[in-house]
Amino acid sequence: MGFARTCSVALVGVEGVVVEVQADLEPGVAAFTLVGLPDKSLVESKDRVRAAVVNSGAEWPQKKLTVGLSPAAVPKSGSGFDLAVACAVLAASERLDPREIADLVLIGELGLDGRVRPVPGILPAVLAAADAGYRQVVVPERTAAEASLVPGVSVLGIRSLRQLIAVLTDAPVPEEEPLPEGRPDPMLAGLSVPGAGLGTGVLLGDRQPDLAEVAGQLKARTALEVAAAGRHHLLLQGPPGAGKTMLAERLPGLLPPLTAQESLEVTAVHSVAGTLPAGQPLLDRAPYCAPHHSASMASLVGGGSGLPRPGAVSLAHRGVLFMDEAPEFSGRVLDALRQPLESGHVIVARSGGVLRLPARFLLALAANPCPCGRHGMLGEGCDCPPQAVRRYRARLSGPLLDRVDLRVTVEPVARSELTGAEAGSETTAQVAERVRAARERAAARLADTPWATNSEVPGHELRTRWRVGPGALAEAERDMERGMLTARGLDRVLRVAWTVADLAGHDRPDAADVNCALELRTGVHRGTVLAGDRA
């Protein structure tokens, strides 16, 4: 009787569970049994593994073969277990030394010819292996760079099962035939999920939209700067053609580069989702996700058959989620944002399991004043009846809007602003530098706390630990008495006021900073100078 074991990783959302792959050979009629809650793609690995082993020059054991995936209670899916199953079978038949693979973590899909194909989710899988104490992993050659991002782990990238057998038996490593010049690499197909294209969370290309291309819109530009500096959620309201989408597309460029930990978090999500750009194993810029207004609940918060997959809120983790034509989204879809906006994660319960997915994003909403978009415009006739206007605006519910810190009306651009000289328009780089400095001031103040940006600080801490200047809250208190502000609204005004103060270089918010925050939230002009003017 032959027995061997090795390890692989089962992904549950963006978290991994190390799975022990056991192979047992017994005398009897030749058969191959796979147990341990495998899904359809994993059940089919029996045929892939058998063909790959034979075509790699090894002999397939003609005995009763049982392969177990432990822990058996954890659902396993995908083709990433192929390599571990093949090595466990070869070790059980004494083609490999069982001791050589006992402490290895093997991840990869096998082709029928023995080539090792990449699979999505390599980074979170290797992170799970490292957390479990494993220090040696074997992955497809195309994903070795992604796996090497995990510190303290030795990564071996291979192109075929033949090469791995040679490495484990100290034999000369065979060379694989190079791909004919000009032919696309079929191995890269395993890294992307069908349907995952542009707009799913990663800004492709080196050229980013520049804020200098925006004519006028001083108040909206100020709101973008404040939103980026404090990670405050933003609502842009205005008629069609005023520049709402143009402004939102330039928001990611104002955000600071991701830290090392944030880069790993973002890359792990996009690795699982199959949206990592080819040749870019690590994402170091804030992602940008802009779902269409016909998006379903599952596509926004996560879902799919079996175990849920990351949705738009997770693809925008540590970046920007832009919802253009926000009132056109389903009311259920919009209200589903309320929980991740507060907690920074989303919990998805499906028949296949319950997952916790990261979802700490900056929300940017864009909305027209009415269905036709001409309500309130000078010289334009609105064809919408009052009831239709009220119904249209009511799609953005009060509880959702209460969580949005900045609400700005984007006015149509004047002809003089559009055709005049743009020497006064600041570039994205100039504004991003002020945002970076403000983030550093906030980080120094919030050192040794669980929070990193002003938008994360609880209201109780702002009212007791970090107080504003004397008399600074006079206007805000009057707004609360008039019913214009809720208790949550006051807390959010305080958070924005601290961001405005950080941008202005103040030690703590004064009355002008708080009034600026009030104007950006309520839209009521306070006679104050906005942050962009003071900077």
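Remember, predicted model here, so these are calculated numbers, not experimental data. (Residues numbered from 1 in each chain as written. Predicted model: local features only at pLDDT ≥ 70, side-chain atom pairs only at ≥ 80, totals over all residues. Heavy atoms only, no water.)

J.: Could you give me a rundown of the overall build of the protein, with the residues and numbers involved?
T.: When its secondary structure is counted, the protein shows 23 helices and 17 strands. A burial count over the protein gives 50% of its 535 residues as buried. Within the protein, residue pairs in contact and separated by at least 24 positions form 72% of the contacts whose partners lie at least 6 positions apart. Accessible area of the protein: about 23,600 Å², with a carbon and sulfur share of 52%. (Helix = DSSP H or I, 4+ residues; strand = E, 2+ residues; numbered from the N terminus. Buried < 20%, exposed > 50% of the residue type's maximum accessible area, 1.4 Å probe, protein only. Contact = heavy atoms within 4.5 Å. Areas by Shrake-Rupley, 256 points an atom, 1.4 Å probe, with all protein chains shown as cover.)

J.: Requested: an account of helix H22 (residues 511-522), with residues and values cited.
T.: Between the first and last C-alpha of H22 there are 16 Å, a value that for 12 residues agrees with the 16 Å anticipated at 1.5 Å per step. In terms of residue burial, H22 counts as a mostly covered element, since nine of its 12 residues are buried. For H22, every residue scored as buried is listed here: Asp 513, Val 514, Asn 515, Cys 516, Ala 517, Leu 518, Glu 519, Leu 520 and Arg 521. Its side-chain oxygen at 3.2 Å from the backbone nitrogen of Ala 512, Asp 510 defines the N-terminal cap of H22. The first or second residue beyond H22 is Gly 523, which carries a positive phi of 80°. (Expected span 1.5 Å × (residues − 1). Polar contact = N/O pair within 3.5 Å; in protein donor to acceptor, adjacent residues only side chain to side chain.)

J.: Tell me about the environment of His 506, residues and numbers included.
T.: Locating His 506 in the fold gives a position in the loop between helix H21 (487-504) and H22. Once the C-alpha coordinates of His 506 and Arg 441 are considered, the two residues, 65 residues apart in sequence, prove to be 9.7 Å apart. Within polar-contact distance, the side chain of His 506 engages the side chain of Asp 513 at 2.8 Å.

J.: Pulling in residues and values, what's your account of the packing of aromatic side chains?
T.: For the structure on display, the rule yields three aromatic pairs. Summarising the aromatic geometry, the rings of Phe 32 and Trp 60 are spaced 5.6 Å apart at their centres and angled 40° between planes, so their arrangement reads as tilted. Here Trp 60 lies in the loop between helix H2 (45-55) and strand S4 (64-70) and Phe 32 lies in strand S3 (residues 31-35), a separation of 28 residues in the sequence. Exposure remark for Trp 60: the relative accessible area of 10% places this residue in the buried category. Ring centres 6.4 Å apart and planes at 20° place the aromatic pair Tyr 288 and Phe 322 in the stacked group. Of the two residues, Tyr 288 sits in strand S12 (residues 288-289) while Phe 322 sits in strand S13 (residues 320-323), which places them 34 residues apart along the sequence. When sorted by exposure, Tyr 288 lands in the same class as Phe 322, which is buried. (Phe/Tyr/Trp six-rings, centres within 6.5 Å; stacked < 30°, edge-to-face > 60°.)

J.: Just give me the short version of a nonpolar patch on the surface, but keep the residues and values in it.
T.: A surface patch of nonpolar side chains, amounting to about 200 Å² of accessible area, comprises Leu 156, Val 167 and Val 173. Mapping Val 167 onto the fold places it in helix H7 (residues 161-168). (Patch = residues over 30% accessible without salt bridge, like charges linked within 9 Å, V, L, I, M, F, W, Y side chains within 5 Å. Salt bridge = Lys/Arg side-chain N within 4 Å of Asp/Glu carboxyl O.)

J.: Outline the pattern of salt bridges, listing residues and values.
T.: Under the counting rule described, the total for this entry stands at 29 salt bridges. A salt bridge links Glu 426 to Arg 434; the nearest nitrogen and oxygen atoms lie 2.7 Å apart. For Arg 434, a relative accessible area of 17% corresponds to the buried category. With a shortest N-O distance of 3.4 Å, Arg 482 and Asp 479 are connected by a salt bridge. Using a relative accessible area of 54% as the deciding quantity, one classes Arg 482 as exposed.

J.: I'd like to hear about the packing of helix H5 (residues 122-131) against helix H10 (residues 260-273), residue by residue, with values.
T.: When two helices pack together, their arrangement is captured by the angle between the axes and the distance separating the axes. Two numbers describe how H5 lies on H10: the axes approach to 7 Å, and their chain directions differ by 120°. As far as their axial angle goes, H10 and H5 are oblique. Mapping the contact onto sequence places Ile 122, Leu 123 and Pro 124 in H5 and Leu 264, Thr 267, Ala 268, Ser 271 and Val 272 in H10. Counted by class, the contact of H5 with H10 contains six nonpolar, two polar and no charged residues. (Axes fitted to C-alpha atoms, helices over the stretch in contact; angles between N-to-C directions. Parallel < 35°, antiparallel > 145°, perpendicular 65-115°, else oblique. Nonpolar A, V, L, I, M, F, W, Y, C, P; charged D, E, K, R; others polar.)

J.: Can you lay out the environment of Ala 511 for me, pointing to particular residues and giving the numbers?
T.: Its place among the elements puts Ala 511 in helix H22. When its relative accessible area of 33% is taken as the criterion, Ala 511 is described as partly exposed.

J.: Break down H2 for me, citing the residues and quoting the values.
T.: Taken residue by residue, H2 has Ser 45, Arg 48, Val 49, Ala 52 and Val 53 as its buried positions. The buried residues of H2 all sit within an arc of 125° when viewed along its axis, so they share a single face. Gly 57 lies just past H2 and shows a positive phi near 90°. (Arc of directions from axis to C-beta.)

J.: Describe the side chain of Asn 368, and please don't skip the residues or the numbers.
T.: If you trace the backbone, Asn 368 turns up in the loop between strand S16 (362-367) and helix H15 (386-394). According to the relative accessible area criterion, Asn 368 is buried, its value standing at 10%. Looking at Asn 368, its side chain comes within polar contact range of the side chain of Lys 244, at 3.3 Å.

J.: So, the side chain of His 233: which residues are in play, and what are the values?
T.: Along the chain, His 233 turns up in the loop between helix H8 (218-230) and strand S11 (234-237). By relative accessible area, His 233 is classed as buried at 5%. From its side chain, His 233 meets the backbone nitrogen of Leu 363 in a polar contact 3.0 Å long.

J.: Explain unusual backbone geometry to me, and be specific about the residues and the numbers.
T.: Along the chain, Ser 70 connects to Pro 71 via a cis peptide bond; the corresponding omega equals 10°. Structurally, Pro 71 can be placed in the loop between S4 and helix H3 (82-92). Phi at Leu 37 is positive, roughly 60°, even though this residue is not glycine. Mapped onto the fold, Leu 37 is located in the loop between S3 and helix H1 (40-43). Leu 37 sits in the partly exposed class, given a relative accessible area of 46%. Even without glycine at this site, Glu 94 takes up a positive phi of about 70°. Its place among the elements puts Glu 94 in the loop between H3 and helix H4 (98-101).

In short, geometric facts, not functional conclusions.
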